[in-house]
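These are the residues of each chain, in order.
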Amino acid sequence: MTTIDKTVVVLGATGQQGGSVAAALRADGWSVRAVVRDVSNHRARSLSAAGVEPVRGDLSDPESLRAAFSGAHGVFSVQPNSGQAGADVTNEDEVRFGTAVADIAERSGIDHLVYSSAVTAGSTTGVDHLDTKNRIETHVRKLDIASTVIRPATFMELLVTPEMGLDGGHLSFLMRPDQAMQFIAVRDIGRIVAAVFGSPDRYAGRTVEIAGDALTGNALAEHLTQAAGRTITYSRLPATLMAQDEVLAKLAALVDDGRLAGNANLDALRAEFPFLLSFDRWLAGPGAALLDEALRSTD
Ligand SMILES: NC(=O)c1ccc[n+]([C@@H]2O[C@H](COP(=O)([O-])OP(=O)(O)OC[C@H]3O[C@@H](n4cnc5c(N)ncnc54)[C@H](OP(=O)(O)O)[C@@H]3O)[C@@H](O)[C@H]2O)c1
């Protein structure tokens, strides 16, 4: 492994994106400092075992961020899910966290800030937990700091969470059966971010929408059936459910108008990042254990 004598601070390293970024940066030889709320828990200890330096910090505590960013070259910024069922931060918290990270990075003399946003951030959508990203992006671009915004597509991991009901042999999601939507493996977010930190001249000042595959609902069902070895069918989320849930209805409308379906140029991305996983390769690799778990309850 080559060693790079520079440190990148990673937010959310005990979570999906930050964990992937920390692993990819370490694999490329960077020193990695992870801001964690509890340095003694098992996820922080796993980071230590992987050569990452966990430091105590909290997105709501600017002083802890200042200390964590001291002397670092780069910062990877991601905020927790906000404003939805199960989220313990509000949309306003997310915006406050995202802007604070960027402000403190600028004042700390950080050379390169990478902010992880979402595909919908190019416009105001009317969905509060998506529009947080638009607001943070706008703030980041006003600052005097070299920055790159990545806009990840919907995670492949989301499709095989236990709540999706794959154990019942069926998947319901936002797109119609014949309508394509883009997805990305969380593993590849980390690899792309590591490539971004590795070539600042190429990526500073850019906003990059990232995805690894585009799949219709029917194609998802085919790949899942193949990987599971049992039939998985697909339908769009029921109209009755969307009639009761305004946010779900808005999300489906954003798929219909293309903003949440994603508009990344997959051919160009695959040429630039040859490691990008298609959904079937993800199901055979990093997604295999997750699919197995999602199917397990009826075994
Ligand atoms: N799911 C998708 O398809 C998708 C697509 C595009 C973008 N996104 C966006 O991705 C983001 C979530 O990323 P993720 O899935 O990687 O998150 P995640 O796995 O839920 O992890 C959240 C991370 O944030 C940390 N955290 C939470 N509150 C904190 C605080 N107050 N101070 C410091 N750290 C804190 C957690 O650390 P602890 O260990 O301390 O809890 C954890 O490491 C959201 O903004 C979401 O909108 C999601």
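Quick caveat, the model's predicted, so the values are computed rather than measured. (Residues numbered from 1 in each chain as written. Predicted model: local features only at pLDDT ≥ 70, side-chain atom pairs only at ≥ 80, totals over all residues. Heavy atoms only, no water.)

**A short note on the side chain of Asn134**
Here Asn134 lies in helix H5 (residues 128–142). Of the residues examined, Asn134 reaches a relative accessible area of 15% and is grouped as buried. There is a polar contact of 3.3 Å between the side chain of Asn134 and the backbone oxygen of Ser123. Excluding its chain neighbours within four sequence positions, the residues that come into contact with Asn134 are Ala121, Gly122, Ser123 and Thr124. (Helix = DSSP H or I, 4+ residues; strand = E, 2+ residues; numbered from the N terminus. Buried < 20%, exposed > 50% of the residue type's maximum accessible area, 1.4 Å probe, protein only. Polar contact = N/O pair within 3.5 Å; in protein donor to acceptor, adjacent residues only side chain to side chain. Contact = heavy atoms within 4.5 Å.)

**Observations regarding the layout of surface pockets**
Computed from the structure, the second largest pocket encloses a volume of approximately 150 Å³. Among the elements of the structure, helix H1 (16–27) and helix H7 (186–198) are those that each provide at least two residues to the lining of the second largest pocket. Classifying every residue of the lining of the second largest pocket by side-chain character gives 5 nonpolar, 1 polar and 3 charged. (1 Å grid on protein atoms, 1.4 Å probe; cavity = no way out; pocket = protein on both sides within 12 Å on 5 of 7 lines; lining within 4 Å. Points joined across faces, edges and corners; volume = space filled by probe spheres on them. Nonpolar A, V, L, I, M, F, W, Y, C, P; charged D, E, K, R; others polar.)

**Some words on the sheet that holds strand E2 (residues 31–36)**
What the 7 strands build is an open sheet, ordered E3-E2-E1-E4-E5-E6-E10; its pairing is parallel. A single partner strand is all that each edge strand has here, and the edge strands are strand E3 (53–56) and strand E10 (207–210). Neighbour to neighbour, the strand axes of the sheet diverge by 20° on average, direction disregarded. With 5 bridges joining them, strand E1 (residues 7–11) and E2 adopt parallel strand pairing. Of the residues in E2, the one forming a bridge with Thr7 is Ser31. Strands in contact with helix H3 (residues 62–69) are E1, E2, E3 and strand E4 (74–77); relative to E2, the strand with the most contacts, it is inclined by about 170°. (Pairing = 2+ DSSP bridges. Axes fitted to C-alpha atoms, helices over the stretch in contact; angles between N-to-C directions.)

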